[in-house]
Amino acid sequence: MNTIFDKAIAAIDERNSKDPNQEMANGTAMPKELLYAQRMTNCLLDFKPDASEALQIAARAQHICRWEIPRKDYPMNKAGYMNWRNDLKKMHANLAGEILESVGYDAEFINRVQFLISKKSFKKDNDSQALEDVVCLVFLQFYFEDFATKHDDDKLIDIVKKTWHKMSEAGHKKALELPYSDRSLHLIKQALV
């Protein structure tokens, strides 16, 4: 670990390794948000190999310490969901900023990472759009199948439509190359007509 980038990634991973929620990956139980962060990095580097340092850090810190603000603490309606998501973005940006400052990044770089994590301009900013594409690709690749077992087809089609709307053309192309079950592929195709 000889660069501040390496130190930042290690510090983000150290925080996420404290997630009490576990998820299985390749037969091994891992802290859920640590696994998610690693998936985000791997997907980003596959999707955009020339990703900037700021974008790589934003992807890694996308869900940093997410378990600390549980969804159940908010009303189970659309307003509650939106408030929860906004509070999470603020927390993720703040935690990432603290880490980046502690390892020696300057204010301009920190602000850029926090801007990316906030996802305020993803249709106007190339790195923000790439981050949104990667969020969607990770969802489709690793979480959609499980999500699909808990919801009816109409809801799933609506979710895919909303996900697709957030993505770029490059994101769409990559999403169609992912492996899906027959049911998931059928739902995705229905959503895209």
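Note on numbering: residues in each chain are counted from 1, in written sequence order. Local features in this predicted model are restricted to residues whose pLDDT is 70 or higher, and side-chain atom pairs enter the listing and the counts only when it is 80 or higher, whereas totals over whole chains, interfaces and linings include all residues. Excluding hydrogens and water, the side-chain figures rest on all heavy atoms present in the structure.

Student: Quick question: what am I supposed to make of the nonpolar core here?
Tutor: Judged by nonpolar contacts, the single largest core of 60 residues is most densely connected at Met40, Ile57, Leu100, Tyr105, Val113 and Leu140. Put simply, DSSP marks the helices as runs of H or I at least four residues long and the strands as runs of E at least two long, and each gets a number from the N terminus on. When contributions to this core are tallied by element, the ones reaching two or more residues are helix H1 (4–16), helix H2 (32–47), helix H3 (53–60), helix H4 (78–103), helix H5 (107–118), helix H6 (126–148), helix H7 (153–166) and helix H9 (182–191). Note on definitions: a residue-residue contact is assigned when non-hydrogen atoms from the two residues lie within 4.5 Å. Each residue touching Tyr105, except ones within four places of it in the same chain, is listed here: Ile4, Phe5, Ala8, Glu53, Ile57, Leu100 and Ile110. Throughout, nonpolar core names a set of buried Ala, Val, Leu, Ile, Met, Phe, Trp, Tyr and Cys residues whose side chains join them through atoms within 4.5 Å. For every residue, the accessible area obtained with a 1.4 Å probe (protein chains only) is divided by the maximum for its type, and the residue is called buried under 20%, exposed over 50%, and partly exposed between those limits.

Student: What's the story with the packing of aromatic side chains in this structure? I'm lost.
Tutor: Between two aromatic rings, the relevant description is the distance of the centres plus the angle of the planes. Here a pair means two rings of Phe, Tyr or Trp (six-membered ring of Trp) with centres within 6.5 Å. Their orientation is stacked below 30 degrees between planes, edge-to-face above 60, and tilted elsewhere. Under the criterion given, the structure shown has six aromatic pairs. Judged by centre distance (5.9 Å) and plane angle (80°), the rings of Phe139 and Phe144 are edge-to-face. Take Phe139 and Phe144: they sit in the same class, and that class is buried. Each residue in the set Tyr36, Phe142 and Tyr143 is aromatic and connected to the rest through ring pairs, giving one cluster.

Student: Explain the pairing of strand E2 (residues 28–31) here, please?
Tutor: Bridge count between strand E1 (residues 22–25) and E2: four bridges; the pairing is antiparallel. Considered in E2, the bridge of Gln22 is made with Pro31. The turn linking E1 back onto E2 is made up of two residues, and Asn26 within it adopts a positive phi angle of 55°. In this description, strands pair whenever DSSP reports at least two bridges between them.

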